[in-house]
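What follows is the residue order along each chain.
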Amino acid sequence: MTENVLNEIMALMQRYNPDGKPLEAKTELGADLNIDSVAAMDLIMEIEDKFDIDIPMNQVAELKTIGDLVALAEGQLQQG
Amino acid sequence: MNDVTPTANERLPFRAGDFVTLAEGLDYAARGETGVNFFSTRGSLETALPYSELRERAIALARRLVGTGLRRGDRIGIIAETSPDFLAVFFACQYAGFVPVPLPLSINFGGRDAYVERLRGMLAAAGARAAVAGPELVQVLAAATEATIVRFTATADELMALPVSDEPLEALGADDACYIQYSSGSTSFPRGVLVTQRALAANARAIATHGLELGPTDRCTSWLPLYHDMGLVGCCLTPVMCQTSVDYLATTAFARRPLVWLQLLARYGGTISFAPTFGYELCARRAANGAARDLDLSRWRIAGIGGEMIRSRALTAFAETFSGCGFDARAFVPSYGMAEATLAVTFSPLARGVRIDRVARGETLERERLALPAGEAVPPSQSRSFVVCGAPMPGYAIEIRDDAGRVLPERHVGRICIQGPSLMEGYFRNPEATAAVLKGDGWLDTGDMGYLVGGELVVSGRTKDLIIVGGRNIWPQDIEWAVEKLDAVRAGDVAAFAVTDSLDRERVVVVVECRQTRPAEQAELRHEIAAVVNRLAGIECEVVLAAPRSLTFTTSGKLSRAAARDHYQRGVLRDLDAGAADEAFDGSVEPAEPAVAVLAEAS
């Protein structure tokens, strides 16, 4: 996992972390941050726009943690 | 790249849904140039599929499906992605004599396991013999077929690779089923609405001729999911029956970039589009920064609203935001319908916009169930504003009944019962659930509460416990069962319900009787409950940890969610954190008052 993508995504995540919880790669998106399905779409969009990638929607159900998100973004970047 | 299909057919005369079966409707539409178009998440055209090509693909698939050993009338589960493949397989079933069962998509973080369970429940209830999905979801679907009688799971491409069968094609006929829609019921007991060809044809015809006054210059734009009636019947099957071109944006794409919906409408001259209130709300919110200034929405003549309680304030905000784009608020068409009626029952008169009925709150409304108009002098805090949803279409009728089944006069709140040519025959293989709503006299009890004013329907709430958030139906049992699986929670300790905030939005509350006494344990439990609910349904909820024996049960031992909600709203049922400050509060609760105290509830 490259520092760069991780850092960028961590920066995006701040808006979804109103309680200011410490964020790590293993922080769970739904369980820890309580991101609901509408906010989840906002987040996905921001990541897509930031890195100019497309995240396949079917993969969202498999995403649990910030680390998963970073790995997916990196995967799409390499394909891109 | 191809161009989109044209709005009007050059030579083929327009026919407003006067077909007996869906296959017959597509046969006719295939003689023209119109069709369906699919767009990427950013709004670029991916596939233009004229109805002629859709029909060819459907028949090619049908010729292969009939050779797979399935018998006529067998059900085929299809994940209803907004894609050419879904439509092709759905119509292949029509031509081959199989009954398609559109299955939902899921987009919750980490929600795969819950999704597989949900699919499995539907496949099992439908007795599906085959299952079809796009390449990205076919493995999830295959996992869901374990322990069902599904014989094979495939993508459309894999089906196309099968040999062509010699068996003659015999399309689903006028007396046959058309599809089964699983949009209600819990994971363990899904309820599938069996829609017949006759019901579909009748509803499509009524929608086209009376509801929308559909003509050859209309064009439909839709992001609605194709596993719900509004998306499937309203924005897919009715257009096929009327040779109307449709521009599709996937629901997930809309959720990410709602304004693409409006961009497509503007670019291709969409005249008709439907959404639940939250769709309009999302657009207004996203456009607040001026992102949508250049759109021309002046050709949009029907901005339909349905699918959940209609919230007028959100619509006003939308109209204000987009008035500079030529959006005319008179284009709003509130409507009422449900899968059990195939789709539509009422439409507001076209070009009228949103009509509000403002009624006085208080004893008259809540105890006597009388919705009396609030005069000018009544402040907003003392009144409720309901949206008027129009009169039933010709051939349909509405009665408001009390709990004893007596028909009530206008402005009396009661159970909304409907009659018409497109009522379902019943829930598939579920006579009990069917008997609970179809009364045998040709009327269907919708489970909604409302009243009539000037012959038009006003929906004021629901009698059933169903939770609807963001247009999605969530069964409270699913939430309760998932929470009960936590180690610290026992069966029967949980009640899930929705409460409506001052903006008429629904918020989910989960009450859990808590036996943990240490604050750290309680905090952990709160976290786990919120996490479970999020994984299951992708929603945020308010967790209320209550003292043991806070929840009430009916005499037959059934959890009373109505009582839980009532106690919560009256402040009797409180969180342990709140209760700790109040020494007099011992966690016990008075027995439930008669449900009549809560307008929207009946047991």
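Here the structure is a predicted model, which is why all the values come from computation and not from measurement.

Caption draft 1: Representation of the overall build of chain A in the model. Each helix and strand counted, chain A has three helices and zero strands in total. Reading chain A from its N end, one meets helices and strands in the order α-α-α. Along the first, second and third principal axes, the C-alpha atoms of chain A reach 35 × 25 × 20 Å. The proportion of buried residues among the 80 residues of chain A is 35%. In chain A, the share of contacts with a sequence separation of at least 24, taken over all contacts with a separation of at least 6, comes to 61%.

Caption draft 2: Seen up close, the interface of chain A and chain B. The partner chain B presents 23 residues to the 22 residues of chain A that form the contact. Each residue belonging to the side of chain A that touches chain B can be placed in one class, and the counts come to 13 nonpolar, four polar and five charged.

Caption draft 3: The arrangement of the domain arrangement of chain B in detail. When the domains of chain B are assigned, the result is domain 1 (1-214), domain 2 (357-462) and domain 3 (467-597). Using only C-alpha atoms to locate each centre, domain 1 of chain B and domain 3 of chain B end up separated by 39 Å.

Caption draft 4: Main features of the environment of Ala144(B). All names here are of chain B. Mapped onto the elements, alanine 144 comes out in helix α5 (residues 138-144). Sequence separation between alanine 144 and glycine 420 is 276 residues, and the spatial gap between their C-alpha atoms is 36 Å. Each residue touching alanine 144, except ones within four places of it in the same chain, is listed here: Val116, Leu119, Arg120 and Leu123.

Caption draft 5: Expanded view of the sheet that holds strand β5 (residues 130-132) of chain B. Residues and elements named next belong to chain B. Spatial strand order, β4-β3-β5-β6: four strands in an open sheet with parallel pairing. Each edge of the sheet is formed by a strand with only one pairing partner; in this case those strands are β4 (99-103) and β6 (152-154). Across the sheet, the axes of successive neighbouring strands diverge by a mean angle of 20°, strand direction being ignored. Sheet topology note: the β5/β6 ladder contains three bridges and is parallel. Residue pairing for β6: valine 132 is matched across the bridge by alanine 154. Helix α3 (residues 84-96) rests against β3 (75-79), β4 and β5 of the sheet, and its axis sits at about 170° to β3.

Caption draft 6: Spotlight on helix α11 (residues 277-286) of chain B. Residue and element names in this part refer to chain B. Buried residues dominate α11, accounting for eight of its ten residues. Residues of α11 that are buried include every one of Thr277, Phe278, Gly279, Tyr280, Glu281, Leu282, Cys283 and Ala284, and no others. For α11, the secondary structure elements touched by its buried residues are α10 (259-268), β11 (272-275), β12 (302-305) and α12 (312-322).

Reading the values: rules and limits
Residues numbered from 1 in each chain as written. Chains lettered and ligands numbered in written order. Predicted model: local features only at pLDDT ≥ 70, side-chain atom pairs only at ≥ 80, totals over all residues. Helix = DSSP H or I, 4+ residues; strand = E, 2+ residues; numbered from the N terminus. Buried ≥ 20, exposed ≤ 12 C-beta atoms within 10 Å, placed from the backbone. Contact = placed C-beta atoms within 7 Å. Nonpolar A, V, L, I, M, F, W, Y, C, P; charged D, E, K, R; others polar. Domains from an automatic or database assignment. Pairing = 2+ DSSP bridges. Axes fitted to C-alpha atoms, helices over the stretch in contact; angles between N-to-C directions.

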